[in-house]
Amino acid sequence: MNKKRSLLLMVTSILLLILSLVSLCVGRVFLSPGQVLSMVLGGMTDSTPSQLLWQFRIPKLITAILAGGGLGVSGLQLQTLFRNPLAEPFVLGISGGASLGVAIVVLAEGILPFPLPDLSFVGGACLGATAVLLLLLLVSARLTDSRSLLILGLLLSYIFSALASLLVYFAPTDRIQQFLSWSTGSFRGVSLAELGYFSVLITVSLGIAFGLISALNILLLGEEYAVSLGVSLPKVRLLLVLSSSLMSGTVTAYCGPISFLGIIVPHICRLAWSTSDHSWLCPTTVVVGALLAIAADLLTQLPPVMLPLNTVTTLLGAPVVLLILRHNKL
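Residues numbered from 1 in each chain as written. Predicted model: local features only at pLDDT ≥ 70, side-chain atom pairs only at ≥ 80, totals over all residues. Heavy atoms only, no water.

J.: Would you mind going over the overall build of the protein chain with me for this structure?
T.: A tally of helices and strands in the protein chain yields 14 helices and zero strands. Secondary structure elements of the protein chain occur, N-terminal to C-terminal, as α-α-α-α-α-α-α-α-α-α-α-α-α-α. Radius of gyration (C-alpha) of the protein chain: 20 Å, near the 20 Å computed for a compact globule of 330 residues. In terms of overall dimensions, the protein chain has a C-alpha envelope of 65 × 55 × 35 Å along the principal axes. Residues counted as buried form 48% of the 330 residues belonging to the protein chain. Counting only contacts in the protein chain whose residues sit at least 6 apart along the sequence, the fraction spanning at least 24 positions is 76%. For the protein chain, the centre of its 16 positive side-chain charges and the centre of its 11 negative side-chain charges are spaced 13 Å apart. (Helix = DSSP H or I, 4+ residues; strand = E, 2+ residues; numbered from the N terminus. Rg over C-alpha atoms; globule rule 2.2 N^0.38 Å. Buried < 20%, exposed > 50% of the residue type's maximum accessible area, 1.4 Å probe, protein only. Contact = heavy atoms within 4.5 Å. Lys, Arg positive; Asp, Glu negative; His and termini not counted. Charge placed at Lys NZ, Arg CZ, Asp CG, Glu CD.)

Here it is as structure tokens:
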């Protein structure tokens, strides 16, 4: 069984590499695979194709890989933590909290007489995501019905979206346009200069998530059993909150609120690899999440118009969610 799983992971990884090459080739200006490989191996030059590749397409590709993998792992963590198959940052209102944090920063930039730090968007988004996740943790201890938690998450999402829209309404016109463009979702918003910040934040949060693999496997057996084995639930919850909110907040700050990837990726991995073992699910959700993120980005570039990323992820994810609802009878 492990050989089959390893082979499937290898095939998926190869597919990810192929799709990554396609992503670097495709765009308004087509670059052949030979050109791309030559420019990647030769480094950045002053030529227009080289500048296009290194300044725009490579940052977008790395952003898509990290964002897709981060959202997949974040959804996996939340589904295990809340023991709910539909838990993920967007559905539970965590992305809505991050959006509200970004909206507050947008409004502050238009009011304050001095510029805010470069990472203010990230800080606002992470604080908003953390606040919502802590609220959900507090409320979930009093709820026994998983549907009630989903309804609460959706309610919070609508409330925070309304508050964000209200705040942005009072922002300067140029900031309103910036916020509206951000809210549709895109992997193009991370520049080469910002890629370092983005990569470090996602990598650190993924590192925390991988460090919790054993604890997550024990949590599958129930909290009482986990405590009997010496697992510190407060510590595990705190680290899960930190990891998940940092991932979802960072992705939301840089790429906008991206829906459904956090739900569908863990379920695809559980089905394909036939396991609930997080030592398999964590790495596979990174690979499959990255693969789906790149595929969604490629679909946004289908002629004749550029589609919003959130439109594509919703069209991909909604049928999967319906299947999950039917299977779990939620």
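And the narrative resumes.
J.: So what exactly am I meant to see when it comes to the packing of aromatic side chains here?
T.: Given two aromatic rings, their pairing is described by the distance between the two centres and the angle made by the two planes. Scanning all chains against the criterion turns up one aromatic pair. Relative to Tyr254, the ring of Phe198 lies with its centre 5.2 Å away and its plane at 85°, an arrangement referred to as edge-to-face. Residue Phe198 is located in helix H8 (residues 195-211), and its partner Tyr254 is located in helix H11 (residues 233-255); the two are separated by 56 residues in the primary sequence. (Phe/Tyr/Trp six-rings, centres within 6.5 Å; stacked < 30°, edge-to-face > 60°.)

J.: I keep staring at the environment of Ser157 and nothing clicks. Help me out?
T.: Along the chain, Ser157 turns up in helix H6 (residues 146-169). For Ser157, a relative accessible area of 13% gives the class buried. For the pair formed by Ser157 and Ser23, sequence separation is 134 residues and the distance between their alpha carbons is 32 Å. Those residues in contact with Ser157 that lie beyond four places of it in its chain are Phe90 and Gly93.

J.: Where do I start with the side chain of Thr300 in this structure?
T.: Mapped onto the elements of the fold, Thr300 is located in helix H13 (residues 278-300). A residue is classified by how much of its surface remains accessible, and Thr300, at 1% relative accessible area, is buried. A polar contact is formed between the side chain of Thr300 and the backbone oxygen of Asp297, at a distance of 2.4 Å. Not counting the four nearest positions on each side in its chain, Thr300 is found in contact with Arg188, Val305, Met306, Leu307, Pro308, Leu309 and Val312. (Polar contact = N/O pair within 3.5 Å; in protein donor to acceptor, adjacent residues only side chain to side chain.)

J.: Is there a simple way to explain the environment of Gly68 in this structure?
T.: Following the sequence through the fold, Gly68 ends up in helix H3 (residues 48-82). Considering only alpha carbons, one finds Gly68 and Thr184, 116 residues apart in sequence, at a separation of 16 Å.

J.: How do you make sense of the confidence of the model for the protein chain when you look at a structure like this?
T.: Parts of the prediction with low pLDDT should not have their coordinates interpreted in detail. With 94% of its residues at a pLDDT of 70 or more, the protein chain has an overall mean of 85. Considering each helix and strand of the protein chain separately, the mean pLDDT is smallest for helix H7 (residues 173-183), with a value of 78, and largest for H13, with 95. (pLDDT = per-residue confidence, 0-100.)

J.: Would you explain unusual backbone geometry in this entry?
T.: Most peptide bonds take the trans form, and the phi angle of most residues other than glycine is negative. Its identity is not glycine, yet Phe260 carries a phi of approximately 75°, on the positive side. Along the chain, Phe260 falls in the loop between H11 and helix H12 (261-273).

J.: I keep staring at the pattern of salt bridges and nothing clicks. Help me out?
T.: Where charged atoms of side chains with opposite charge meet at close range, the side chains can pair. Taken as a whole and assessed by the stated rule, the structure comprises two salt bridges. Linking Lys60 and Asp297 is a salt bridge whose minimum nitrogen-to-oxygen distance equals 3.2 Å. With Lys60 in helix H3 and Asp297 in helix H13, this pair connects stretches of sequence that are 237 residues apart. As far as the burial class goes, Lys60 and Asp297 line up, both buried. A salt bridge links Arg188 to Asp297; the shortest N-O distance between them is 4.0 Å. Placement of the pair is Arg188 in the loop between H7 and H8 and Asp297 in helix H13, with a sequence separation of 109 residues. Linked through salt bridges whose partners overlap, the residues forming this network are Lys60, Arg188 and Asp297. (Salt bridge = Lys/Arg side-chain N within 4 Å of Asp/Glu carboxyl O.)

J.: What is the right way to read the nonpolar core from this model?
T.: In a soluble, globular protein the nonpolar side chains are often hidden away together inside. Within the largest apolar cluster, 99 residues are counted, with the highest numbers of intra-cluster contacts made by Phe82 and Leu92. Broken down by element, the residue count for this core peaks at 13 residues, all from H3. The contacts of Phe82, once residues within four sequence positions are left out, are Leu92, Leu133, Leu136, Leu137, Ser140 and Leu149. (Core = buried A, V, L, I, M, F, W, Y, C linked by side-chain atoms within 4.5 Å.)

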